[in-house]
Amino acid sequence: MDKLELVEGKVDWKGRSAVKYKHGGMRTAVLILATFGFENMATLALAVNLVTYFNRVMHFELADAANQLTNYMGTSYILSILVAILADTFFARFKTLLTSGCFEFVGLALLTVQAHYPKLRPPLCNVFDPTAKCEKVGGGNAALLFIALYMLAAGAAGIKATLPSHGADQFDERDPREARQMSSFFNLLLLAVCLGGSVSLTLVVWLQDNRGWDWGFGLSTIAIFLGVVIFFAGLPLYRIQPIRGTSAIVEIIQVYVAAIRNRNLSLPEDPADLYEINKDKEAALEEEFLPHRSIFRFLDKAAIQPSTTGQVDEQQPPNPWKLCRVTQVENAKIILGMVPIFGCTIIMTLCLAQLQTFSIQQGLTMDTSITKSFKIPPASLPIIPIVFLIIIIPVYDRIFVPIVSKFTGIPSGITHLQRIGVGLILSCVSMAVAGIMEVKRKDVARDHNMLLARPVLQPLPISTFWLSFQYFIFGIADMFTYVGLLEFFYSEAPMGLKSISTCFLWSSMALGYFFSTILVKIVNGATKDVTRSGGWLAGNNINLNHLNLFYWLLSFMSLINFFAYVFVAKRYKYRPGNPILLSKQNKEIEE
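Note that the structure is a prediction, hence the values are computed from the model and not measured.

Regarding empty space enclosed by the protein
And step 1. The tally for this structure, following the rule as stated, stands at four cavities of 30 Å³ or more.
And step 2. Empty space within the largest cavity amounts to approximately 740 Å³.
And step 3. Along the walls of the largest cavity sit 37 residues, with Asn40, Leu44, Val193, Leu352 and Asp478 positioned nearest its centre.
And step 4. When contributions to the lining of the largest cavity are tallied by element, the ones reaching two or more residues are helix 1 (26-57), helix 2 (62-89), helix 4 (139-168), helix 5 (176-211), helix 9 (346-355), helix 11 (383-408), helix 13 (468-492) and helix 15 (503-526).
And step 5. With eight residues, the top contributor of residues to the lining of the largest cavity is helix 1.
And step 6. Classifying every residue of the lining of the largest cavity by side-chain character gives 29 nonpolar, five polar and three charged.
And step 7. The two domains that each donate at least three residues to the lining of the largest cavity are domain 1 (6-237) and domain 2 (337-590).

Written as structure tokens, this is what we have:
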């Protein structure tokens, strides 16, 4: 009989009800993890090395190159929201993911072609030579670059929007065993990122720097192709979320519109008088019901029944833009409650953007030798925290979580909010350490009269591994905050919103990248007349600017952000039925 147990709300690829032990579970999640690993193998090298490509090959100035990268990364993340809504409303997530994979494949193929043919890029020129007049990419070649880049961004957005939530759909939160497996899945998701990223940051980056950018882009193209093939192979085994036909985001907007339209109405003394469909009706069998909570009471006005009898005509459904169900209102409350948590995570990505841009440029000026005959590409520096994460993630998931959960009663060991907080304070420490390392690097350049030395050609007598400290600390912050956010948003989101819940993380990262672009311009503008270099981050010579002050500014901003996070996290109310809330209640009962 167990083999015939159906999974509520999920279907197989033919539209039939999914069967437990036949569809979903960890065996199908492995295929999804492998796909995400190959996708990161294809794209992570771009996140850390594209700024070098823009600067040295396409001849953008350093600050502009950094902004081009953060704009691309931000667009990739922000588009995930649109893709998730389209997937829920019109397309299945499975089809959306395959289409996104094709977009990413074409974008990488176009970048490969442009990097291979000299006529499609500017003439060779040394951007570090102050007497050289390097021609920046323009015209049709610039159009080809940005078409390829933003096709890649659109494809990556689709994969980010659908893959984590599709993976989580392979588990049933109501089954204790599968709930624990789902927590492991999110940890393993980061492990897949690290494994794919380790290849990307070593082999792909080495090919880009030593064999040519066309070789690096080519290998990335092959990697995303393999990822799509592996994902498609699991089609008969997946639990698939059916198309809802309506957008959960639209339903949230309806609550706000209805609350504004009913703003002059008085709330009933008894919340039971608010509008809700009859649970006993056959049409309501598949509906989700949430109890009323006395928070954000102004949204309750969206559920005030306007009739004098206090009842809605059951024969004629109400206008959803004027009257909403209590459950719909509670969903809107949950989303509104998550907004402050969401806002406090933006600055961490702002810090991450600097490790993908300016820290790479630091590494270009330093001694990258490991042995007399082998040098590590500066863009490969993040491999240090990634190797550590590959070791520590299984330890965290298999040893730390089971031990701590025995004391807390929480399946994930500590709460998602606690996990996020640990990562936020570590990101603050990482930026402070980055500033100290930059002071040390510039002191070496000054002491050896090498402030005008050309990066790569005239390396400073200081090992690039000094930068590993800032990468190492931020890598640990990654494990806590980003995985904690994925779990938090997915577990807190109402049933109808789980498919787009992971987009909250990507949106947070998108805003972080966009704010990085804005902050760099603001800082350069504000310091233009107070520094001899024309701004803290001005020009192509990193030895003459004040990157250490910029890092310390970010550290201070992160510290203020952490205190703000602690304030809002302590006041956050978990949604009814959340596994963490239930675990706390069960532990209190036992005590």
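Let's talk about the packing of helix 2 against helix 4
And step 1. The geometry of helix 2 relative to helix 4 is characterised by a closest axis approach of 7 Å and an angle of 45° between their N-to-C directions. Our classification of the angle between helix 2 and helix 4 gives oblique. Seen along the crossing, helix 2 lies across helix 4 with a hand that is right-handed. Contact residues: helix 2 offers Gln68, Asn71, Tyr72, Thr75, Ser76, Tyr77, Leu79, Ser80, Val83, Ala84 and Ala87, while helix 4 offers Phe146, Leu149, Tyr150, Leu152, Ala153, Ala154, Ala156, Ala157, Gly158, Lys160, Ala161 and Thr162.
And step 2. Tallied by class, the residues present in the contact of helix 2 with helix 4 amount to 15 nonpolar, seven polar and one charged.

A short note on the state of the cysteines
In a disulfide, the sulfur atoms of two cysteines are held together by a covalent bond.
And step 1. For the structure shown, the criterion picks out one disulfide.
And step 2. Covalently, Cys125 is tied to Cys134 through a disulfide, its sulfur atoms 2.0 Å apart. Measuring handedness by torsion sign, the sulfur bridge of Cys125 and Cys134 sits at about -75° and is left-handed.
And step 3. For Cys125, a relative accessible area of 25% corresponds to the partly exposed category.
And step 4. For Cys134, a relative accessible area of 25% corresponds to the partly exposed category.
And step 5. Sulfur of Cys344: no disulfide; nearest cysteine sulfur belongs to Cys351 and is 13 Å away.
And step 6. When its relative accessible area of 8% is taken as the criterion, Cys344 is described as buried.

Side note on the environment of Lys528
And step 1. The topology assignment puts Lys528 in the loop between helix 15 and helix 16 (547-570).
And step 2. Taking the relative accessible area as the measure of exposure, Lys528 reaches 53% and is therefore exposed.
And step 3. Spatially, the C-alpha atom of Lys528 lies 8.3 Å from that of Ala538, the residues being ten residues apart in sequence.

Some thoughts on unusual backbone geometry
Both trends apply: most residues other than glycine have a negative phi, and most peptide bonds are in trans.
And step 1. We note that His59 has phi near 65°; this positive angle belongs to a residue other than glycine.
And step 2. Its location among the elements puts His59 in the loop between helix 1 and helix 2.
And step 3. The exposure class assigned to His59 is buried, which follows from its relative accessible area of 7%.
And step 4. A positive phi angle, close to 45°, is found at Phe296, a residue other than glycine.
And step 5. On the basis of relative accessible area, Phe296 is assigned to the partly exposed category, the value being 30%.

Regarding helix 13
And step 1. The end-to-end C-alpha separation of helix 13 is 35 Å, in line with the 36 Å expected for 25 residues at 1.5 Å each.
And step 2. At Asp478, helix 13 shows its largest bend, some 30°.

Comments concerning the nonpolar core
And step 1. Core analysis: the biggest nonpolar cluster contains 159 residues, and Leu50, Tyr53, Phe54, Tyr72, Leu417 and Phe550 have the highest contact counts within it.
And step 2. For this core, the element with the highest residue contribution is helix 1, accounting for 16 residues.
And step 3. Ignoring sequence-local partners within four residues, the contact set of Phe550 consists of Gln354, Phe358, Leu519, Val520, Val523, Trp536 and Leu537.

A look at the domain arrangement of the protein chain
And step 1. Parsing the protein chain into structural domains produces domain 1 (6-237) and domain 2 (337-590).
And step 2. Listed by partner, the interface residues are 56 residues for domain 1 and 57 residues for domain 2.
And step 3. Taking both sides of the interface into account, the surface hidden between domain 1 and domain 2 amounts to around 4900 Å²; carbon and sulfur atoms contribute 67%.
And step 4. Viewed at the interface, domain 2 and domain 1 are joined by zero salt bridges.
And step 5. Counting across the interface, domain 1 meets domain 2 through five residue pairs in polar contact (both at pLDDT 80 or more).
And step 6. Here the side of domain 1 that touches domain 2 takes 18 residues from helix 5, the largest share from any one element.
And step 7. Of the residues in the side of domain 1 that touches domain 2, the class split is 29 nonpolar, 17 polar and ten charged.

What counts and what doesn't
Residues numbered from 1 in each chain as written. Predicted model: local features only at pLDDT ≥ 70, side-chain atom pairs only at ≥ 80, totals over all residues. Heavy atoms only, no water. 1 Å grid on protein atoms, 1.4 Å probe; cavity = no way out; pocket = protein on both sides within 12 Å on 5 of 7 lines; lining within 4 Å. Points joined across faces, edges and corners; volume = space filled by probe spheres on them. Helix = DSSP H or I, 4+ residues; strand = E, 2+ residues; numbered from the N terminus. Nonpolar A, V, L, I, M, F, W, Y, C, P; charged D, E, K, R; others polar. Domains from an automatic or database assignment. Axes fitted to C-alpha atoms, helices over the stretch in contact; angles between N-to-C directions. Parallel < 35°, antiparallel > 145°, perpendicular 65-115°, else oblique. Left-handed = near helix turned anticlockwise from the far one by under 90°. Contact = heavy atoms within 4.5 Å. Disulfide = S-S within 2.5 Å. Buried < 20%, exposed > 50% of the residue type's maximum accessible area, 1.4 Å probe, protein only. Expected span 1.5 Å × (residues − 1). Bend = angle between axes of the 7 residues up to and from the residue. Core = buried A, V, L, I, M, F, W, Y, C linked by side-chain atoms within 4.5 Å. Buried area = accessible area lost by both parts, 1.4 Å probe. Salt bridge = Lys/Arg side-chain N within 4 Å of Asp/Glu carboxyl O. Polar contact = N/O pair within 3.5 Å; in protein donor to acceptor, adjacent residues only side chain to side chain.

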